[in-house]
Amino acid sequence: MKASRFFISTLKEAPADAEIISHQLMVRAGLIKKLGAGIYNYMPLGLRVLRKVEAIVREEMDRAGAVECTMPVVQPAELWQETGRFEKMGPELLRIQDRHGRDFVVQPTSEEVVTDIARQELRSHRQLPRNFYQIQTKFRDERRPRFGLMRGREFIMKDAYSFDKSREAAQLSYQAMRAAYQRIFDRFGLRYRAVRADSGAIGGDLSEEFQVIAATGEDAIVYCPDSDYAANMEKAEAAAPAHPRPAASQPRTLTPTPGKSTCAQVADLLGLALTQTVKSLVLATDTLDDAGQVAGSKVWLLLLRGDHDMNEVKVSKVPGLDAGFRFATVAEIEEHFGARPGYLGPLNLRKSVTIVADREVALMADWVCGANQEDFHITGVNWGRDLPEPDLVADLRNVVEGDPSPDGKGLLAIERGIEIGHVFYLGTKYSRAMNATFLAEDGKPAFFEMGCYGIGITRLPAAAIEQNHDERGIIWPDAIAPFTVVLCPIGMDRSEAVRAAAEQLHADLLAQGVDVILDDRGERPGAMFADWELIGVPHRVVLSERGLKEGQVEYQHRRDTEATRMALGAVLPHLL
Ligand code: ATP
Ligand code: MG
Ligand code: MG
Ligand code: MG
């Protein structure tokens, strides 16, 4: 490939909405281009990365005995009504209508369609086991699309679905997929952890997420360094004994005291000592009912500085409390502050309090303070144990660092992860709902035992960048670099010797199947090097007239701090 004919378009500055390094670098390197919220063009460089990711995933899926097909992006609603997910899935599911007013969905995943295929095509136990997979566009109307490809609305997923005749056989299929996933993520050179995840009520106990370790990950993962215990936070929470809390909360009455703000009164009630910087209290919850009462189980208490005008946020008032004390949903808080409440710096109050105000009872559990201790000088509070920054309020629960591990083999550690893959034993949840059966050995119809297995194809490069970058740009693992080698000739337009050597080396490398790009754009060396360092091509060969006179070129790996001189003839064997 020649750069003059390819498309290279780099940026000095990252766009303002790019909060994390992978998003910034993917935009700056010209891999992706935003079209709308959570919707991106995969530009030529980015597409090359995705194709390589897909190729590896495809190879390992095929090796594991899965067979590829492609299911439609737009799917008739009838199938989704059979399982009830057309209604149940909520606003993440994009529903559309055709010109006849018929309902369709844009697939967020494909259990219904693949189960429909199975109930028609797989009639006998002799056709089992079978595993169908696709690498296909998905759409999820994420509440908060962000971080570029990391949490897009349109994205590409590899989704596989296994069909088996028995629970035991399904568990073998599950284990085969799990092993394939390990091979896949090893090939990408990622640091990751397989963690237990919640499999839902019906799915049995087999569900694991593959989490790429990264400080910017949206998930918290809990593990024991001294054993193989690892779980995501939800799963760890479910297994953990409740932390000691103050004795069952006695309803406490907040009797408005004239001349004292409600904010201060609530603070008193909770044993908080507020300083002047804290001007208001907000209670955030997942859900508010129409009357403005807390309907969810989690309530977060946020202490806010005076410079945030909560009046701008559509909040529900608690009757009897003044303007300093309000309820808001977490979504509203996020929208208002452009961040999750936890970004204020989380500290867990671990209190369970019932407040009775004007005979309106609001039950508040899992108190979490979203204020930053230093900023706000809050004293007089039982803070519990501090969690490492940057952590999110949502993750502050019963499980904290240093708790004993459930297997009793050590103490728990917590780190952040990016969910890159998910393997899931489904049981007969979908086959039952859709009456998908095969003829079993005893001649009777039986429901398929199913499993589903996802990998975020477009999320993967973003996760890889979170783990592989420096101040100059991306450092791709060879396996998924847009190009593995870049040839940078200096003064190619002036020097016939440089041109000839560069063209020849380019042709030789191509002939050997090396994925090489020749930068024949005529850029100055500084700009040329900066581009390729930003783009992150792992191997660079610089050809100059001076070096070539001695038969030498300069080789530098993207991780090297200096170039090494090398005989021109040694380049090819070195790169193979
Ligand atoms: P998350 O917890 O991040 O929302 P999920 O659990 O909803 O992901 P799954 O339904 O398990 O996702 O889908 C399988 C895989 O698809 C995930 O492991 C992830 O790699 C990828 N994925 C899910 N949602 C997105 C998204 N919005 N953008 C990019 N990739 C995604
Ligand atoms: Mg999700
Ligand atoms: Mg998840
Ligand atoms: Mg998942």
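About the cut-offs
Residues numbered from 1 in each chain as written. Chains lettered and ligands numbered in written order. Predicted model: local features only at pLDDT ≥ 70, side-chain atom pairs only at ≥ 80, totals over all residues. Heavy atoms only, no water. Helix = DSSP H or I, 4+ residues; strand = E, 2+ residues; numbered from the N terminus. Buried < 20%, exposed > 50% of the residue type's maximum accessible area, 1.4 Å probe, protein only. Contact = heavy atoms within 4.5 Å. Near = heavy atom within 4 Å. Polar contact = N/O pair within 3.5 Å; in protein donor to acceptor, adjacent residues only side chain to side chain. Areas by Shrake-Rupley, 256 points an atom, 1.4 Å probe, with all protein chains shown as cover. Donors = N, O, S within 2.8 Å, 3.2 Å for Na, K, Ca; no water. pLDDT = per-residue confidence, 0-100. Pairing = 2+ DSSP bridges. Axes fitted to C-alpha atoms, helices over the stretch in contact; angles between N-to-C directions. Parallel < 35°, antiparallel > 145°, perpendicular 65-115°, else oblique. Left-handed = near helix turned anticlockwise from the far one by under 90°. Salt bridge = Lys/Arg side-chain N within 4 Å of Asp/Glu carboxyl O.

> Looking at this model, I keep getting lost on the overall build of the chain. Mind explaining?
Assigned secondary structure in the chain consists of 16 helices and 32 strands. The buried share of the chain, taken over its 576 residues, is 54%. For the chain, the proportion of contacts with a sequence separation of at least 24, taken over those separated by at least 6, is 68%.

> Can you help me understand the site of ligand 1 in this one?
Close to ligand 1 lie 14 residues; Glu142, Arg151, Gly152, Glu419 and Arg459 are nearest. Interatomic distance of 2.7 Å between a side-chain N/O atom of arginine 151 and an oxygen atom of ligand 1. Glycine 152 is positioned such that a nitrogen or oxygen atom in its backbone is 2.8 Å from a nitrogen atom of ligand 1. Relative to its unbound accessible area of 590 Å², ligand 1 is 82% covered by the protein chains.

> Help me understand the coordination of the magnesium ion (ligand 4) in this model?
Note on metal sites: the ideal angle is 109.5 degrees for four tetrahedral donors, and 90 or 180 degrees for six octahedral donors. In this structure, Glu419 (OE) and His422 (ND1) serve as the protein donors to the magnesium ion (ligand 4), at separations of 2.2 to 2.3 Å. The metal-metal distance between the magnesium ion (ligand 4) and the magnesium ion (ligand 3) comes to 3.2 Å, with glutamate 419 coordinating both. The class for glutamate 419 is partly exposed, based on a relative accessible area of 25%.

> Can you walk me through the confidence of the model for the chain in this structure?
Parts of the prediction with low pLDDT should not have their coordinates interpreted in detail. For the chain, per-residue confidence averages 81 on the pLDDT scale, and 72% of positions sit at 70 or higher. Ignoring residues within four places in sequence, the model shows residues 273–279, a span with pLDDT below 50, making 20 contacts including any to other chains. Throughout residues 305–325 the model reports pLDDT below 50, and contacts reaching past four residues in sequence, or to other chains, amount to 50 contacts. Across the assembled chains, the prediction reports ipTM 0.99 with pTM 0.79.

> Would you explain the environment of alanine 77 in this entry?
Inspection of the secondary structure puts alanine 77 in helix H3 (residues 77–82). Separated by 26 residues in sequence, alanine 77 and aspartate 103 place their C-alpha atoms 5.3 Å apart. Once residues lying within four places of it in the same chain are set aside, the contact partners of alanine 77 are Phe86, Asp103 and Phe104.

> Teacher, can you tell me more about the sheet that holds strand E6 (residues 103–106) here?
Strand pairing in a sheet is mediated by backbone hydrogen bonds. Such pairs are either parallel or antiparallel. Spatially, three strands are ordered E4-E6-E5 in an open sheet, and the strand pairing comes out antiparallel. The sheet is open, and its two borders are formed by strand E4 (74–76) and strand E5 (94–97), each paired with just one other strand. Averaged over all adjacent pairs, the angle separating strand axes in this sheet is 40 degrees, with direction ignored. Here E4 pairs with E6 via three bridges, running antiparallel. Paired with proline 76 across the bridge in E6 is phenylalanine 104.

> Before we go on, may I ask you to explain the pairing of strand E31 (residues 552–557) in this structure?
Consecutive residues of a regular strand have side chains that alternate between opposite faces of the sheet. Pairing between strand E30 (residues 539–543) and E31: four bridges, direction antiparallel. Considered in E31, the bridge of arginine 540 is made with glutamine 556. When E31 meets strand E32 (residues 564–567), the two strands line up antiparallel, connected through four bridges. Pairing of glutamine 552 across the sheet is with alanine 567, part of E32. Hairpin geometry of E31 and E32 is characterised by an intervening segment of six residues between the two adjacent antiparallel strands.

> Honestly, the packing of helix H2 (residues 44–63) against helix H6 (residues 167–187) in this entry has me stumped. Any pointers?
Two quantities define a packed helix pair, namely the angle between the axes and the distance from one axis to the other. Relative to each other, H2 and H6 sit at 150 degrees, their axes nearing to 10 Å. Between H2 and H6, the angle is such that the two are roughly antiparallel. Here H2 runs over H6; the crossing is right-handed. Note on element contacts: H6 touches H2 through Met177, Ala180, Arg183, Ile184 and Arg187, opposite Ile56, Val57, Glu59, Glu60, Met61 and Arg63.

> Could you clarify how one ought to interpret the pairing of E30 in this entry?
For E30, the tally of buried residues reaches five of five residues, placing the bulk of the element in the interior. Across the two faces of E30 the burial is the same, with His539, Val541 and Leu543 and Arg540 and Val542 all buried.

> Help me understand the pattern of salt bridges, please; the structure alone is not making it clear to me.
Where side chains of opposite charge bring their charged atoms close, a pairing between them can arise. For the coordinates displayed, the defined rule picks out 31 salt bridges. Across the pair arginine 51 and glutamate 54 runs a salt bridge whose closest N-O atoms are separated by 3.1 Å. One end of the pair is arginine 51 and the other is glutamate 54, both in helix H2 and three residues apart, which spans about a single turn. Among the residues examined, arginine 51 registers a relative accessible area of 46% and is labelled partly exposed. Each of Glu59, Glu60, Arg63, Arg183 and Arg187 takes part in salt bridges that share partners, so that together they form one network.

> Can you help me understand the side chain of serine 173 in this one?
Turning to its location among the elements, serine 173 is positioned in helix H6. Non-local contacts of serine 173, meaning those with residues more than four positions away in its chain, are made with Pro129, Ser162, Asp164 and Tyr453.

> What is the right way to look at the sheet that holds E31 in this model?
With mixed pairing, the five strands of this open sheet are ordered in space as E29-E28-E30-E31-E32. The open sheet terminates on both sides in strands that have one partner only, identified here as strand E29 (516–518) and E32. On average, each strand axis in the sheet is inclined to that of its neighbour by 25 degrees, with strand direction left out of account. Bridge analysis of strand E28 (residues 485–489) against E30 gives five bridges, and the strand direction is parallel. Counterpart to valine 486 in the pairing with E30 is arginine 540. Contacts between helix H13 (residues 496–511) and the sheet are confined to E28, E29 and E30, with E28 contributing the most and set at about 170 degrees to the helix. Across the sheet, helix H14 (residues 525–535) is in contact with E28, E29 and E30; its angle to E28 comes to roughly 175 degrees.

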